[in-house]
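Observations on the three-dimensional arrangement
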Amino acid sequence: MVVKDLYMDCFRYEESSLAHCIYHLLAEQKISLDDDICKIDLEQADHQKVRELVQNNVLGIHKVGIYSLKMNQKDFVFIFAGSHKEAIQFYTETFHQNPLNCHDYSLDYQLARGNDVISFRDMRKEFRSFPAIAGYFKR
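So, here is what we can say about the structure in this document. (Residues numbered from 1 in each chain as written. Predicted model: local features only at pLDDT ≥ 70, side-chain atom pairs only at ≥ 80, totals over all residues. Heavy atoms only, no water.)

Observations regarding the pairing of strand β4 (residues 110–113)
- Bridge count between β4 and strand β5 (residues 116–119): 4 bridges; the pairing is antiparallel. Among the inter-strand pairings, Q110 is bridged to a residue of β5, identified as S119.
- Linking two consecutive strands that pair antiparallel, namely β4 and β5, is a turn of 2 residues; a positive phi of about 65° is found at G114 within it. (Pairing = 2+ DSSP bridges. Helix = DSSP H or I, 4+ residues; strand = E, 2+ residues; numbered from the N terminus.)

Spelled out as structure tokens, the structure:
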């Protein structure tokens, strides 16, 4: 695998720290996009500069997860949110009650939608702002 592929995966999987570290190493010309990933030496990075890049989020990576919140014994709602806490707060503001529980799911979890199968990762692309309700499930 080359650095470019790993760098793109960082954006796909929202791995902010690694993406910013690669960005820094590229800017310092310690690696190139065409190098094999075995050439990445994280010790060459200025960790203070990387920390500042992450804090300033210069790459614009905003991690969004999917959470299942239990409404009652049979009903669940899936919410895209930046954190467990944000999902619960959005639920409470939307439904004017607290959820019975809140669990995170993998964005790669696939579910049936009509005659197709879609992952939460692909479904997330359909939304422009977060938090957002992805859908409901009845047991």
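Re the layout of surface pockets
- By volume, the largest pocket amounts to about 280 Å³.
- When contributions to the lining of the largest pocket are tallied by element, the ones reaching two or more residues are β2 (75–81), β3 (102–105), β4, α5 (120–124) and β6 (132–138).
- Among the residues forming the lining of the largest pocket, the class breakdown is 10 nonpolar, 4 polar and 1 charged. (1 Å grid on protein atoms, 1.4 Å probe; cavity = no way out; pocket = protein on both sides within 12 Å on 5 of 7 lines; lining within 4 Å. Points joined across faces, edges and corners; volume = space filled by probe spheres on them. Nonpolar A, V, L, I, M, F, W, Y, C, P; charged D, E, K, R; others polar.)

Remarks on the pattern of salt bridges
- Per the stated rule, a full pass over the model turns up 5 salt bridges.
- Between D108 and R121 there is a salt bridge, with its nearest N and O atoms 2.9 Å apart. Within this pair, whereas D108 is found in the loop between β3 and β4, its partner R121 is found in helix α5, the two being separated by 13 residues in sequence.
- Given a relative accessible area of 7%, R121 falls into the buried group.
- Two residues, D122 and K125, come together in a salt bridge whose shortest N-O distance is 3.4 Å.
- The class for D122 is partly exposed, based on a relative accessible area of 36%.
- Looking at K125, the relative accessible area reads 64%, which means it is exposed. (Salt bridge = Lys/Arg side-chain N within 4 Å of Asp/Glu carboxyl O. Buried < 20%, exposed > 50% of the residue type's maximum accessible area, 1.4 Å probe, protein only.)

Points about the packing of aromatic side chains
- All chains considered together, the criterion is met by 12 aromatic pairs.
- Look at F78 and F120: their rings are 5.1 Å apart centre to centre, the planes differ by 45°, and that puts the pair in the tilted class. With F78 in strand β2 and F120 in helix α5, the pair connects residues that are 42 residues apart, well separated along the chain. No difference in accessibility class separates F78 from F120, as the two residues are buried.
- When the centroid spacing of 6.4 Å and the interplanar angle of 45° are considered together, the rings of F127 and F130 count as tilted.
- Members of the aromatic cluster, connected to one another through ring pairs, are F78, F80, Y105, Y109, F120, F127 and F130. (Phe/Tyr/Trp six-rings, centres within 6.5 Å; stacked < 30°, edge-to-face > 60°.)

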